[in-house]
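Remarks on the overall topology
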Amino acid sequence: MKTQVAIIGAGPAGLLLGHLLRSEGIDCVVIERQNSDHVLSRIRAGVLEQGTVGLMARLGLDDRLKAEGLPHGGFNLADGERLIRIDVEGLTGQQVMVYGQTEITRDLMDAAPARGLQVVYNALDVAVHGIESDAPWLTYRRDGAEQRIDARFIVGCDGFHGPSRKAIPTSAAREFERVYPFGWLGILADVPPCNQELIYANHERGFALASMRSETRSRYYIDVPLTERVEDWSDDRVWDELAARLGPEAAANITRGPSIEKSIAPLRSYVFEPMRHGSLLLCGDAAHIVPPTGAKGLNLAASDVHYACTALVRFFRAADNDAIAGYSAKALARVWKSERFSWSLTKLMHRFPEDGPFERAMQVAELDYIASSKAAQTAIAENYVGLPV
Ligand code: RFL
Ligand code: PHB
């Protein structure tokens, strides 16, 4: 098979890029290792920036997002005693949208056949070849048969563990990494949220986040040491811990119920530079990871995809090589700012095992400063709502 752009990975980054390229009349194919149910079963992001919402609108795929998404004009930081509300809308004029990654992926998946976007699921042993040439190709196995796709570009949207980043020679790359000494234990339950807006809490027992998917479905997280196993956390134990960490006001409003998903995700900051090598471009988690505290991972994937699509359109319409050459620097400038925000909010809201009284005093002072300073709240709000693309 021959195409203009071969995309590896049918997560949100790959599907979004596929749709954007198709809407510009560019030929592409998306190759995914898992089946579609497996892709939809991953419970991840919940908060979308306006830029991400805007891309769905540009594609005309935002009907359900507009109908079912929950626009939020603010969120709260809790320090064990009080709630510090960040009035995102008042400070920036913009809102974020609470709409699950599962739903955005489903919207993109469902629209693929009608938009002529070919997605190949169950593709095994995907490998990239010839990325330093103008005629790269990828190979995979499906139903026992070897397959080959020739393309002008390959875009790796295959997440943190996919093969595309590994195809870039280490001599041409630099990696930056911080692994955190805890993970987030997440629980999804069909119960009404305890608060209308999100609450990020730094309690002496640890971090907690109260989030939601709808008026009737809640998503909560607590941080746990990496040595913990999810089997050791009964639903009751999670609800007790949430009630303790989120503080008395939120605890009084928690509705308990059986979990429909429960898992532990490790926290990491990671950046791979450059995000292009020859004819291979990287987008989303394939190139970078942020800890989820700032709700930035999916949104960064969306801004990468926007930059990549713009560069590819210029290449195919106007033979503009400079746009492709500039992709990595353009995307990384935004990536690093989101890395900084996610790292700083993670530092502020978690108790690190190595921290002593001084580090704790710094957290208290910073939360006090945020509570009393419109400038500090504005800085947080403009990062949370999403820096310009
Ligand atoms: P994905 O979603 O990992 O998709 C990659 C796809 O590539 C496929 N793949 C392969 N396909 C073919 N061959 C191979 N060899 C392959 N290897 C892998 C995979 O099967 C998969 O389908 O990456 P993508 O598209 O870059 O999207 C990134 C987002 O998923 C991620 O950044 C967010 O979920 C991060 N995140 C959040 N982001 C936000 O913007 N807002 C949030 O509120 C938010 N909350 C979160 C999060 C991530 C979390 N976890 C579990 C890490 C909360 C959590 C708990
Ligand atoms: C979520 O609802 O899953 C969620 C919300 C905010 C975050 C991370 C995850 O910062």
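Conventions used here
- Residues numbered from 1 in each chain as written.
- Chains lettered and ligands numbered in written order.
- Predicted model: local features only at pLDDT ≥ 70, side-chain atom pairs only at ≥ 80, totals over all residues.
- Heavy atoms only, no water.
- Buried < 20%, exposed > 50% of the residue type's maximum accessible area, 1.4 Å probe, protein only.
- Helix = DSSP H or I, 4+ residues; strand = E, 2+ residues; numbered from the N terminus.
- Contact = heavy atoms within 4.5 Å.
- Near = heavy atom within 4 Å.
- Polar contact = N/O pair within 3.5 Å; in protein donor to acceptor, adjacent residues only side chain to side chain.
- Areas by Shrake-Rupley, 256 points an atom, 1.4 Å probe, with all protein chains shown as cover.
- Nonpolar A, V, L, I, M, F, W, Y, C, P; charged D, E, K, R; others polar.
- Domains from an automatic or database assignment.
- Pairing = 2+ DSSP bridges.
- Buried area = accessible area lost by both parts, 1.4 Å probe.
- Salt bridge = Lys/Arg side-chain N within 4 Å of Asp/Glu carboxyl O.
- Axes fitted to C-alpha atoms, helices over the stretch in contact; angles between N-to-C directions.
- Parallel < 35°, antiparallel > 145°, perpendicular 65-115°, else oblique.
- Left-handed = near helix turned anticlockwise from the far one by under 90°.
- Phe/Tyr/Trp six-rings, centres within 6.5 Å; stacked < 30°, edge-to-face > 60°.

1. With respect to helix 6 (residues 101-111)
In terms of residue burial, helix 6 counts as a mostly covered element, since eight of its 11 residues are buried. Taken together, the buried positions of helix 6 are Gln101, Thr102, Ile104, Thr105, Asp107, Leu108, Met109 and Ala111. Check the buried side of helix 6 and you find it contacts helix 1 (12-23), helix 2 (36-40), strand 3 (47-48), helix 3 (50-58), helix 4 (63-68) and helix 9 (297-318).

2. Some thoughts on the site of ligand 2
Near ligand 2, the surroundings consist of 14 residues, among which Tyr200, Ser211, Arg213, Tyr221 and Pro292 are the closest. The separation between an oxygen atom of ligand 2 and a polar side-chain atom of Tyr221 is 2.6 Å. For ligand 2, whose free accessible area comes to 280 Å², the fraction covered by protein is 97%. For the shell around ligand 2, the residue count by class is eight nonpolar, three polar and three charged. Counting contributing residues per domain, the shell around ligand 2 is built from domain 1 (5-70 + 96-176 + 268-345) and domain 2 (183-265 + 353-385), each supplying no fewer than three.

3. A closer look at the sheet that holds strand 7 (residues 96-98)
Read from one edge of the open sheet, three strands run 3-7-4, paired in antiparallel fashion. Whereas interior strands pair on both sides, the edge strands pair on one side only; in this sheet they are strand 3 and strand 4 (70-72). Inspection of the sheet shows strand 3 paired to strand 7 by two bridges, in the antiparallel sense. Directly across from Leu48, in strand 7, lies its bridge partner Met97.

4. A short note on the domain arrangement of the protein chain
Frequently, the measure chosen for interface size is the accessible area that the parts lose on association. What the domain assignment lists for the protein chain is domain 1 (5-70 + 96-176 + 268-345) and domain 2 (183-265 + 353-385). Taking only C-alpha atoms into account, the centre of domain 1 sits 29 Å from that of domain 2. Facing 19 residues of domain 1, the contacting portion of domain 2 comprises 16 residues. The contact between domain 1 and domain 2 buries some 1,500 Å² in all, and 66% of this surface belongs to carbon and sulfur atoms. Summed over the three residues of domain 1 that lose the most area to domain 2, namely Ile43, Leu70 and Phe341, the buried surface amounts to 33% of that side. Our count for the contact surface shared by domain 1 and domain 2 stands at zero salt bridges. Across the domain 1-domain 2 interface, the total number found is five residue pairs in polar contact (both at pLDDT 80 or more). Broken down by secondary-structure element, the contributors of at least two residues to the side of domain 1 that touches domain 2 are strand 7 and helix 10 (321-349). When its residues are assigned to classes, the side of domain 1 that touches domain 2 shows nine nonpolar, five polar and five charged.

5. Section: the packing of helix 9 against helix 10
Helix packing for two helices is described by the angle between their axes and how far apart those axes are. Closest axis-to-axis distance for the helix 9/helix 10 pair is 8 Å, and the angle between their directions is 165°. Comparing their axes, helix 10 and helix 9 come out roughly antiparallel. Remark: the crossing between helix 9 and helix 10 carries right-handed chirality. Residue-level contacts link Asn299, Leu300, Ser303, Asp304, Tyr307, Ala308, Ala311, Leu312, Arg314 and Phe315 of helix 9 to Asn321, Ala323, Ile324, Tyr327, Lys330, Ala331, Arg334, Val335 and Ser338 of helix 10. The class makeup of the residues in the contact of helix 9 with helix 10 is 11 nonpolar, four polar and four charged.

6. Considering the pattern of salt bridges
All told, the structure shown has 29 salt bridges when counted by the stated rule. Between Arg22 and Asp27 there is a salt bridge, with the nearest N and O atoms lying 3.8 Å from each other. With relative accessibility at 41%, the residue Asp27 sits in the partly exposed group. Several salt bridges share partner residues, and in doing so they unite Arg64, Glu68, Glu103, Arg106 and Asp107 into one network.

7. Let's talk about the packing of aromatic side chains
The full count for this structure, using the stated rule, is 15 aromatic pairs. Aromatic rings pair up to connect Phe75, Trp184, Tyr200, Phe207, Tyr221 and Tyr384 into one cluster.

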